[in-house]
Amino acid sequence: MDSFFITLEGPEGAGKTTIINMLIEYFSASGKKILATREPGGIHIAEKIRQIILDPNHTEMDGKTEALLYAAARRQHLVEKVIPALEKGYIVLCDRFIDSSLAYQGYARGLGIDNVWKINEFAIDGLMPNATIYFDIDPKIGLERINKTDEREINRLDLEKLDFHERVKEGYYQIIEKFPNRIYKVDASQSLEQVFEDAKKIIIDYVEKK
C-alpha cells in the first residue's frame, strides 16, 4: 500500500494553509486516502506545546528552548498521528516540519542549522518527508497578507521584525541547496489558483513517479 509524507513550507503569510485545504478537497474527490495536519500541533499534546511556543506573551523564550519545544511537539505528532496514517496508506500533507526548525531556529535565530538538525534527528528517528513544497514569497508581502486576514491567529513569530523574517527566507534557501532532490519551489506571489495548480502538479507527478 503506497503512502507518502509530503510537507509544505514557507515564510509567514505564504498561503500554505489555504492551499492544503484546496489540495485535500481535490484529492479526496479523486478517491485518494489523504490526511492534512500541521506543526506544531495536529494532536492534543502537540497543540498544548504550540500554545506555549506561539503565545505572544512569551517574548522571553530562549531560542534553544524554542527549538527543543518544536522537536518535542514534532516527535509526539509523528508517533501519534503521522506514522499511523502512513502505515494505513495515506498521503499525509503536513503544514510545516523539520525544515521550519532549520530555517527559523537554526538560521534566523542563529542556533546553527547543523545544531538544530541534530536535535531533530533524535525526534524524527529517520522519518523524513518524501517531498517538500516550499512556497516562496517576499517576507514583507507575507506579513502584509497576515495583517489583512482577520481569521488568522497572530502569533509570537508574526511579531518579529522584518529582518528576522528575511533571515528565515535566507535559511530556507540554504536548506533547498542542502536537499535539492526533495524540495520543490513554488512562487507563492502568483494567483491562488496558479499556486494551487503548481502544488497539485508537484504532488501528482511525485506520486505517479513512485
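Scroll up for the structure.
Throughout what follows, the structure given in this document is the object of discussion. Remember, predicted model here, so these are calculated numbers, not experimental data. (Residues numbered from 1 in each chain as written. Predicted model: local features only at pLDDT ≥ 70, side-chain atom pairs only at ≥ 80, totals over all residues. Heavy atoms only, no water.)

Thoughts on the overall build of the protein chain
As a reminder, the rule being used: What counts as a helix is a DSSP run of H or I of at least four residues, what counts as a strand is a run of E of at least two, and both are numbered from the N terminus. Both definitions apply: the radius of gyration is a C-alpha atom measure, and the globule rule equals 2.2 Å times residues to the power 0.38. For the exposure calls, accessible area comes from a 1.4 Å probe over protein chains only, and a residue counts as buried if that area is under 20% of its type's maximum, exposed if over 50%, partly exposed in between. Computed with the Shrake-Rupley method and a 1.4 Å probe, the accessible areas treat only the protein chains shown as cover for residues.
When helices and strands are tallied, the protein chain shows 8 helices and 5 strands. N-terminal to C-terminal, the α/β element order of the protein chain is β-α-β-α-α-β-α-α-β-α-α-β-α. Against the globule reference of 17 Å for 210 residues, the protein chain gives a C-alpha radius of gyration of 16 Å, in line with a compact fold. With respect to the three principal axes, the spread of C-alpha positions in the protein chain is 45 × 35 × 35 Å. Taken over 210 residues, the protein chain has a buried fraction of 48%. Carbon and sulfur atoms make up 50% of the accessible area of the protein chain, which amounts to about 10400 Å² in all.

Remarks on the nonpolar core
The criterion, for reference: In this text, buried Ala, Val, Leu, Ile, Met, Phe, Trp, Tyr and Cys residues form a nonpolar core when linked through side-chain atoms within 4.5 Å. Any two residues whose heavy atoms approach within 4.5 Å are treated as being in contact.
In terms of nonpolar packing, the biggest core is built from 32 residues, with Phe-5, Leu-102, Tyr-104, Val-168 and Ile-175 touching the most fellow members. Put simply, the parts of the chain that give this core at least two residues each are helix H2 (44-54), helix H3 (63-87), strand S3 (91-95), helix H4 (98-108), helix H5 (113-124) and helix H7 (162-178). Looking at this core element by element, the count peaks at 6 residues for H3. If near-sequence neighbours (up to four positions away) are discounted, Val-168 is found in contact with Ala-103, Tyr-104 and Ala-108. Core analysis: the second largest hydrophobic core is formed by 24 residues, Leu-8, Ala-131, Phe-196 and Ile-203 among them.

Looking at the packing of H4 against H7
How we decide: Fitting a line to C-alpha atoms yields each axis, with helices limited to the stretch in contact; the angle taken between N-to-C directions then spans 0 to 180 degrees. Note that the term roughly parallel is reserved for angles under 35 degrees, roughly antiparallel for angles over 145, roughly perpendicular for angles of 65 to 115, and oblique for everything else. Left-handed describes a crossing in which the near helix is turned anticlockwise from the far one by less than a right angle; the clockwise case is right-handed. Think of it as three bins: nonpolar holds Ala, Val, Leu, Ile, Met, Phe, Trp, Tyr, Cys and Pro, charged holds Asp, Glu, Lys and Arg, and polar takes everything else, Gly as well.
The contact between H4 and H7 brings their axes to 8 Å, and the two run at 125 degrees. Considering the angle they form, H4 stands oblique to H7. Classified by chirality, the crossing of H7 by H4 is right-handed. Residues Asp-99, Ser-100, Leu-102, Ala-103, Tyr-104, Tyr-107 and Ala-108 of H4 pack against Phe-164, Arg-167, Val-168, Glu-170, Gly-171, Tyr-172, Gln-174 and Ile-175 of H7. Of the residues in the contact of H4 with H7, the class split is 9 nonpolar, 3 polar and 3 charged.

Structural notes on the sheet that holds strand S1 (residues 4-9)
Keep this limit in mind: A strand pair is defined by DSSP finding two or more bridges across the two strands.
Strand order in the open sheet formed by 5 strands is S2-S3-S1-S4-S5, with parallel pairing between adjacent strands. Each edge of the sheet is formed by a strand with only one pairing partner; in this case those strands are strand S2 (34-38) and strand S5 (183-187). Taking the axes of each pair of neighbouring strands and ignoring which way they run, one obtains an average angle of 20 degrees across the sheet. Pairing between S1 and S3: 5 bridges, direction parallel. Looking at S3, one finds that Thr-7 is bridged to Cys-94. Taken strand by strand, H3 contacts S1, S2 and S3, and its axis lies near 165 degrees from that of S2.

Digging into the pairing of strand S4 (residues 131-136)
Of all 6 residues that make up S4, 6 are buried, and the element is covered over most of its length. Side chains of S4 alternate between two faces, with Ala-131, Ile-133 and Phe-135 and Thr-132, Tyr-134 and Asp-136 buried alike. Examined bridge by bridge, S1 and S4 share 4 bridges and lie parallel to one another. Residue pairing across strands places Thr-7 opposite Thr-132, the latter belonging to S4. In terms of strand pairing, S4 meets S5 through 5 bridges, oriented parallel. Bridge assignment links Tyr-134 to a residue of S5, and that residue is Lys-185.

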